[in-house]
Amino acid sequence: VQLQASGGGLVQPGGSLNLSCAASGVIVSGNTMGWHRQAPGKQRELVATLTAGGAANYAESVKGRFTVTRDNAKNTAYLQMNSLKPEDTAVYYCAAKPTWTSVYNYWGQGTLVTVSS
């Protein structure tokens, strides 16, 4: 199983980025995909999830600004991030788990998002 996260970079406050998570060995549409982030000196937090059934949930801190989607044909999950703030700066990780479990089994390597002017 491999999850390849990409799309991070440096963006100004108010800007946008679209992160991708390309999966192999696990079916994105058959699992819950979770986007997590870890800022320097802080604990990792879950920011968005997309279940196999298509239900999306977001942390309060990103609700209305971030959107999680997937492309079944490409077996890829995405995190569209708009109206970015400096406090969104973190390493972002995608992860996958069966919907009925609480533990994410598979993790990507992380992609760095820096929001700064």
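Preceding block: the structure.
Bear in mind that the values here come from a model prediction, so they are computed numbers and not experimental data. (Residues numbered from 1 in each chain as written. Predicted model: local features only at pLDDT ≥ 70, side-chain atom pairs only at ≥ 80, totals over all residues. Heavy atoms only, no water.)

### Observations concerning unusual backbone geometry
Let me state the cut-off plainly: The way it works is that DSSP assigns letters per residue, a run of H or I at least four long becomes a helix, a run of E at least two long becomes a strand, and they are numbered from the N terminus. A simple rule labels every residue: compare its accessible area, found with a 1.4 Å probe on the protein chains alone, to the largest value its type can have, and call it buried under 20%, exposed over 50%, or partly exposed in between.
Within the chain, Asn75 stands out as a residue other than glycine whose phi angle is a positive 50°. The backbone of Ser83 shows a phi angle near 50°, a positive value even though the residue is not glycine. Assignment of secondary structure puts Ser83 in the loop between β8 (76–81) and β9 (90–97). Exposure remark for Ser83: the relative accessible area of 40% places this residue in the partly exposed category.

### What to know about the nonpolar core
Rule in force here: In this text, buried Ala, Val, Leu, Ile, Met, Phe, Trp, Tyr and Cys residues form a nonpolar core when linked through side-chain atoms within 4.5 Å.
Residues Leu3, Trp35, Leu79, Met81 and Tyr92 are the most contacted members of the largest nonpolar core, which totals 29 residues. Counting residues per element, the ones that place at least two in this core are β1 (2–6), β3 (17–24), β4 (32–38), β5 (45–50), β7 (66–71), β8, β9 and β11 (111–115).

### Quick look at the state of the cysteines
We apply this condition: Put simply, a disulfide is two cysteine sulfurs that come within 2.5 Å.
Per the counting criterion, the structure on display carries one disulfide. Note on cysteine connectivity: Cys21 is disulfide-linked to Cys94, with sulfurs 2.1 Å apart. Across the disulfide from Cys21 to Cys94, rotation about the S-S bond amounts to roughly 70°, and the bridge is consequently right-handed. Here Cys94 lies in strand β9 and Cys21 lies in strand β3, a separation of 73 residues in the sequence. The residues Cys21 and Cys94 share a single accessibility class, namely buried.

### Side note on the sheet that holds β3
So the rule is basically this: By this definition, two strands are paired if DSSP reports at least two bridges between them. Angles run from 0 to 180 degrees between N-to-C directions of axes, and those axes are lines fitted to C-alpha atoms, restricted for helices to the stretch in contact.
Spatial strand order, β1-β3-β8-β7: four strands in an open sheet with antiparallel pairing. The open sheet is flanked by β1 and β7, the only strands paired with a single partner. Between one strand axis and the next, the sheet turns by 15° as a mean value, whatever way the strands run. Across five bridges, β1 lies against β3 in antiparallel orientation. Within the sheet, the bridge partner assigned to Leu3 lies in β3 and is Ala23.

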